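Secondary and tertiary structure notes
Chain by chain, the residues run as shown.
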Amino acid sequence: MSEAIKTDVLIIGAGPCGLFAVFELGLLDIKAHLVDILDKAGGQCAELYPEKPIYDIPGIPMVTGQGLSEQLMQQIKPFHPTFHLGEMIDTIEKIGDPAFRVTTDAGKVFECKVVVIAAGGGSFQPKRAPVPGVEAYEGTSVFYSVRKMEQFRDKHILVVGGGDSALDWTLNLHPLAKRITLVHRRDDFRAAPHSVEQMRTLVSSGKMDLRIGQVTALAGASGVLSGATIKGNDNTVTNIACDAMLPFFGLTMKLGPVANWGIALENNLIPVETSAFETSVPGIFAIGDINTYPGKLKLILCGFHEGALMAQKAHRYVYPEKRLVFQYTTSSSSLQKKLGVG
């Protein structure tokens, strides 16, 4: 077990509600680390609908999912939160009153006084590649995310998909790979236009390959990939050499290990009381779409409200001997100093 990372609060989920929780906690001098299974902050907004307009954020007539995520990241800069991306929480163990030891699937260990679950509808998990026998290669030659780029150096990499993740990793890994082949079912991509343009330039200059079709079979032994079969839209079948495959078929939302954390659940959601959105376990809070209570609305603005009240109660756990004086950012010189304004 690795040495524990100590922090006041561990936030599970780096979507809008988790990000705004950093702001509310920061105003109260409470330090936070965030863990998210995705490889970037922003949650559903940034991953599932980055360009989709959102119209119900107070004071902002329209903002995209990506735009909201970027503004929240800018807002929390003064509090210097630490992000642990591409990791999923495995266990939460109570070690004090309150105090918790939290571990991730990457073996990272945290010790904190407060846990905030801001995991949306659960954890986003990649959709499995629809290729017979793919299970035998997962984790050794087939990867649904990239944690360490270096492990792909000098490899023949097969990237499958047509969205931002597929194009981004095609371009990012190209300088390291011996050869990259991108496979998509059609010659039309959902990724950012400049990424598609960069990819097509590499293809036209012979620096990578693009195949239109679908991967129908894998070859290899003992979890080590050696090749793949691609069936083109014209029914031609091609075998290519590869020793790593990165499929990007989107994400699915699952409750995941939350069910094993000893917290009361109700229809796969976490019941909370509404004065601070605390769960059945003192010191563990749930904000955003993951929680439930009478009158609950699954709106980002409601999650922001929940984060503000959560922070007030969290202060009691982090600073039990310190009296909390409520202040407004509009008039408090000490809060403005924390924010670097005024």
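Structure: above.
Throughout what follows, the structure given in this document is the object of discussion. (Residues numbered from 1 in each chain as written. Predicted model: local features only at pLDDT ≥ 70, side-chain atom pairs only at ≥ 80, totals over all residues. Heavy atoms only, no water.)

**Some details on the environment of Gly 303**
- Residue position: Gly 303 is located in helix α6 (residues 300–318).
- By relative accessible area, which is 1% here, Gly 303 ends up buried.
- Taking the C-alpha atoms as reference points, Gly 303 and Phe 20, 283 residues apart in sequence, are found 8.7 Å from one another.
- If we skip the residues at most four places from it in the chain, Gly 303 touches Cys 17 and Gly 288. (Helix = DSSP H or I, 4+ residues; strand = E, 2+ residues; numbered from the N terminus. Buried < 20%, exposed > 50% of the residue type's maximum accessible area, 1.4 Å probe, protein only. Contact = heavy atoms within 4.5 Å.)

**What to know about unusual backbone geometry**
- At the junction of Asp 97 and Pro 98, the peptide bond is cis and its omega measures out at -10° in the coordinates.
- Looking at where Pro 98 falls in the secondary structure, it is placed in the loop between β6 (89–96) and β7 (99–104).
- One non-glycine residue, Asp 29, lies in the positive phi region at around 65°.
- The topology assignment puts Asp 29 in the loop between α1 (16–27) and β2 (32–36).
- For Asp 29, a relative accessible area of 34% corresponds to the partly exposed category.

**A short note on the sheet that holds strand β13 (residues 224–232)**
- Across the sheet, 6 strands lie side by side as β14-β13-β12-β11-β10-β15; this open sheet has mixed pairing. Of all strands in the sheet, those bounded by a partner on one side alone are β14 (237–241) and β15 (244–247). On average, each strand axis in the sheet is tilted by 35° relative to the strand beside it, whichever way the strands run.
- Here strand β10 (residues 156–160) pairs with strand β11 (residues 179–184) via 5 bridges, running parallel. (Pairing = 2+ DSSP bridges. Axes fitted to C-alpha atoms, helices over the stretch in contact; angles between N-to-C directions.)

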